[in-house]
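Chain residues, written in single-letter form:
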Amino acid sequence: MMSSEKSPFDLTGRRIVIAGAAGGIGSATAKLCAQQGATLVLVDIAGKDRIRERVGAELADRSDIHSLDTGSRADVTALAKQTGCVYGLIDMAAIAPHDDWMAEDWEESLDRVIRANVKGPINLTRAFLPGMMEAGEGRIVLCGSVAGWMGGLRTGPHYAFAKGGIHSFVRWLANKAAPCNVLVNGIAPGPVETAMTEGKGYDTSLYPLKRMAKPEEIAATAVFLCGAGSGYASGAIFDINGATHFH
Ligand SMILES: NC(=O)c1ccc[n+]([C@@H]2O[C@H](COP(=O)([O-])OP(=O)(O)OC[C@H]3O[C@@H](n4cnc5c(N)ncnc54)[C@H](O)[C@@H]3O)[C@@H](O)[C@H]2O)c1
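Small disclaimer: the values here were computed from a predicted structure and weren't measured.

## Here's the deal with the site of the ligand
In the vicinity of the ligand there are 29 residues, among which Ile-25, Asp-44, Tyr-159, Val-192 and Thr-194 approach most closely. At a separation of 3.1 Å, an oxygen atom of the ligand approaches a polar backbone atom of Gly-23. At 2.8 Å from an oxygen atom of the ligand is found a main-chain nitrogen or oxygen belonging to Gly-24. Here the ligand, which alone exposes 830 Å², has 91% of that area covered by the protein. Of all the secondary-structure elements, those providing two or more residues to the shell around the ligand are helix 1 (24–35) and helix 7 (157–177). A per-class count over the shell around the ligand returns 17 nonpolar, nine polar and three charged.

Right, here's the structure in full:
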């Protein structure tokens, strides 16, 4: 329930796990969640130093930081055991290789995408959901993409396949978790200025707003989805795509 005195975005006293915290959107999400009062568990395969570099030393020092591959069930389970129950889980970890699916060695790329973009969200939610259900409250935010709706602006088939899967997984999970007051939603960003898109030939003159999104403009929705103001949202995919796609 939303208290009339608190901001609908307030996260004071909430502990939130953010995966992909060294990334463009993940690090912006970490900073915004911290601004709203959350305490954070930050994880990324890129390592602790990289997370620290991206979120800043001050926030890193008061967060619990882990170098971790979310594609490893064993490592994610160990993290959840160590961390205990958390209020929120935001997964911004993913990869988007730009390669040729007809190439002989493409299977390796497909496996890497499945590991990060499919097994990662499954491992994280499988590890952290039981604690939330037991506590009788919780928030999960997964990251889809405009590619999950329309195949993508410039991304490959493995990425589009995985992101479309996230959209349906959000609904599956929302249905399972709602009776325990755990709300599950997804965000489907359009093109965002991060390492994932840098130098990949995105042409902003083609987009209605003539620019890509800033990472903070995606992060703000993740914060909203963990706050009291979104207390009746579950099973939704929030399109933050600057009018690049309607469905
Ligand atoms: N940038 C865009 O245009 C765009 C558009 C739509 C959706 N998205 C989605 O937004 C989310 C954030 O992407 P971003 O743009 O910030 O990209 P990014 O490359 O800046 O960040 C992704 C982060 O995920 C981490 N990561 C990758 N695999 C991992 C693993 N197995 N375990 C732990 N960490 C791992 C990377 O090290 C990196 O720090 C992703 O889900 C991405 O698919 C991005």
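Next, the rest of the story.
## A closer look at the packing of helix 4 (residues 73–83) against helix 5 (residues 106–135)
Their axes nearest at 9 Å, the elements helix 4 and helix 5 cross at an angle of 30 degrees. Viewed along their axes, helix 4 and helix 5 adopt a mutual orientation that is roughly parallel. For the crossing formed where helix 4 meets helix 5, the hand is right-handed. Two secondary-structure elements touch here, helix 4 through Arg-73, Val-76, Thr-77, Leu-79, Ala-80 and Thr-83 and helix 5 through Asn-123, Leu-124, Arg-126, Ala-127 and Phe-128. Tallied by class, residues from the contact of helix 4 with helix 5 come to six nonpolar, three polar and two charged.

## Let's talk about the packing of aromatic side chains
Under the counting rule described, the total for this entry stands at four aromatic pairs. Aromatic pair Trp-101 and Trp-106: ring centres 6.3 Å apart, planes at 85 degrees, arrangement edge-to-face. Given a relative accessible area of 8%, Trp-106 falls into the buried group. Between Phe-169 and Trp-172 the ring centres are 6.0 Å apart and the planes differ by 15 degrees, which places this aromatic pair in the stacked class. Of the two residues, Phe-169 and Trp-172 are both situated in helix 7; the distance of three residues between them amounts to about one turn of the helix. With relative accessibility at 16%, the residue Phe-169 sits in the buried group.

## Things to note about helix 4
Three or more residues of helix 4 are buried, namely Val-76, Leu-79, Ala-80 and Thr-83. Taken end-on, helix 4 shows its buried residues confined to a sector of 95 degrees, consistent with a single buried face. Away from its buried face by more than 90 degrees, helix 4 exposes Ala-74, Lys-81 and Gln-82. Positive phi shows up at Gly-84, right after helix 4, with a value of about 75 degrees.

## Examining helix 5
Quick reminder: α-helices carry 3.6 residues per turn. Residues three or four places apart thus point the same way. An ideal rise of 1.5 Å per residue puts 44 Å on 30 residues; helix 5 measures up with 43 Å between its terminal C-alpha atoms. Its axis deflected by about 40 degrees at Lys-119, helix 5 carries its strongest bend there, up to four residues before the proline Pro-121. A positive phi of about 80 degrees marks Gly-136, the residue just after helix 5.

Conventions and cut-offs
Residues numbered from 1 in each chain as written. Predicted model: local features only at pLDDT ≥ 70, side-chain atom pairs only at ≥ 80, totals over all residues. Heavy atoms only, no water. Near = heavy atom within 4 Å. Polar contact = N/O pair within 3.5 Å; in protein donor to acceptor, adjacent residues only side chain to side chain. Areas by Shrake-Rupley, 256 points an atom, 1.4 Å probe, with all protein chains shown as cover. Helix = DSSP H or I, 4+ residues; strand = E, 2+ residues; numbered from the N terminus. Nonpolar A, V, L, I, M, F, W, Y, C, P; charged D, E, K, R; others polar. Axes fitted to C-alpha atoms, helices over the stretch in contact; angles between N-to-C directions. Parallel < 35°, antiparallel > 145°, perpendicular 65-115°, else oblique. Left-handed = near helix turned anticlockwise from the far one by under 90°. Contact = heavy atoms within 4.5 Å. Phe/Tyr/Trp six-rings, centres within 6.5 Å; stacked < 30°, edge-to-face > 60°. Buried < 20%, exposed > 50% of the residue type's maximum accessible area, 1.4 Å probe, protein only. Arc of directions from axis to C-beta. Expected span 1.5 Å × (residues − 1). Bend = angle between axes of the 7 residues up to and from the residue.

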